[in-house]
Amino acid sequence: MRWIYLSPHLDDAVLSCGGWIWWQTQQGEKVEIWTVCAGNPPEGPLSPYAQTLHQRWQTGPEAVAVRRQEDQEACQRIGALPRYFSIPDCIYRYDPERGTPIVNRDEDLFQPSLPPSERPWVDMLRTQLEAAISDTDILVCPLALGGHIDHHLARTAVEILAPPSLWYYADFPYALQDCQTELRPITTHRPYPLDLPPEALDAWIEAITCYRSQLSTFWPDLPTLKSEIYYYYQNCKEQILWMPLLSAR
């Protein structure tokens, strides 16, 4: 049996579940993290928005290679095996009919649902997942809290596939917005009661710090990151992981 965490980007699964994944691997569970949007940008010039992000990340044109290396380090820290799919990040994708970037500013990243022009990517991902998973795998999918396009893409493809054993995780740090509310994002699942030792939180934080290019997007410094993780776990641990209602685990 494998636990497979579907990560929209080269950081999401670790950001959201890193402490729990570390604990699972410490208990001898086989855990893999499959990143959906890990493909190289298409040939041709990058959009101005993508170029701006590369400057912010300080990666230059090798952003995908840099981020894969960061992800490999993070996965090693928590004992998970990484796997990368070929779909490019939404900042590199174009509307096939208009020939224009689907993302031109930060606000474009977040939508109430997946844009219709993205449907071919859903079909591609569903086909790739169907060929890669087995009936004994447990697939853990993002809830798409926050509404990021690539998170919608991952969840939509998984739910069309309808694997035999499907769990969900809350997307951190977006899930912080719902931390103090009675969150019930999906009626077919219930919260899984997490109980992690301090060492798991330490491993979680250390794994997140491997994503050096991304840290400034979410946190001004390391102490802020640490305090957010501690706050999130202490106050929201009943909302991090969601198991099927009929699951015996």
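Quick note: structure is the one above.
Not measured: the values here are computed from a predicted model. Within any chain, residue numbers begin from 1 and follow the written order of that chain's sequence. In view of the model being predicted, local features appear only for residues whose pLDDT reaches at least 70, and side-chain atom pairs are presented and counted only at 80 or more, with totals across whole chains, interfaces and linings using the full set of residues. Water and hydrogen atoms were dropped before computing side-chain values, which therefore reflect all heavy atoms in the structure.

Both cavities and pockets are sets of points on a 1 Å grid over the protein atoms alone; in a cavity a 1.4 Å probe fits but cannot get out, in a pocket the set is open with protein on both sides within 12 Å along at least five of seven lines, and lining residues sit with an atom within 4 Å of a point. Grid points are joined across faces, edges and corners, and a volume is the space filled by probe spheres set on the points. Taken as a whole, the largest pocket encloses approximately 340 Å³ of empty space. Surrounding the largest pocket, 19 residues form its lining, L109, H148, Y174, T217 and F218 being those nearest its centre. Those elements that place two or more of their residues in the lining of the largest pocket are α2 (48–57) and α7 (215–218). Considering every element that reaches the lining of the largest pocket, the biggest residue donor is α2, with four residues. Taken together, the residues of the lining of the largest pocket sort by class into eight nonpolar, five polar and six charged. Per the convention used, a helix needs a DSSP run of H or I reaching at least four residues, while a strand needs a run of E reaching at least two, with both numbered from the N terminus. Gly is placed with the polar residues, together with every amino acid not listed as nonpolar (Ala, Val, Leu, Ile, Met, Phe, Trp, Tyr, Cys and Pro) or charged (Asp, Glu, Lys and Arg).

Burial along strand β5 (residues 166–169) is two-sided: L166 and Y168 and W167 and Y169, pointing in opposite directions, are all buried. Across four bridges, the pairing between strand β4 (residues 138–142) and β5 is parallel. The residue of β5 that forms the bridge with C141 is Y168. Here a crossover is taken to be right-handed if, once the strands point away from the viewer, the path from the first strand over the helix to the second is traced clockwise. Crossover connection from β4 via helix α5 (residues 149–161) to parallel β5: handedness right-handed. Both β5 and strand β7 (residues 241–244) contribute to a ladder of two bridges, which runs antiparallel. Counterpart to Y168 in the pairing with β7 is W242. Think of it in three bands: with a 1.4 Å probe and only protein chains considered, a residue is buried below 20% of the maximum accessible area for its type, exposed above 50%, and partly exposed in between. At least two DSSP bridges between two strands are required for those strands to pair.

Bringing the packing of aromatic side chains into the picture now. Any two rings among Phe, Tyr and Trp, with Trp reduced to its six-membered ring, count as a pair given centres within 6.5 Å; such a pair is stacked if its planes are under 30 degrees apart, edge-to-face if over 60, and tilted if neither. All chains considered together, the criterion is met by eleven aromatic pairs. Note on W20 and Y192: the rings are 5.3 Å apart at their centroids and 50 degrees apart in plane angle, and the pair reads as tilted. With a gap of 172 residues between them, W20 in helix α1 (residues 12–26) and Y192 in the loop between β6 (189–191) and α6 (198–208) connect regions that are remote in the sequence. Classification of Y192 as buried rests on a relative accessible area of 17%. Seen in terms of ring centroids, W22 and W23 are 6.4 Å apart; in terms of plane orientation they differ by 35 degrees. Their pairing is tilted. Taking relative accessible area as the criterion, W23 reaches 28% and is therefore assigned partly exposed. Following the ring pairs from residue to residue traces out a cluster consisting of W3, Y5, W20, W167 and Y192. Any Lys NZ or Arg CZ found within 6 Å of a ring centre and within 35 degrees of that ring's normal is scored as a charge over the ring. Directly above the aromatic system of W57 lies the positively charged group of R67, at a separation of 5.0 Å from the ring centroid.

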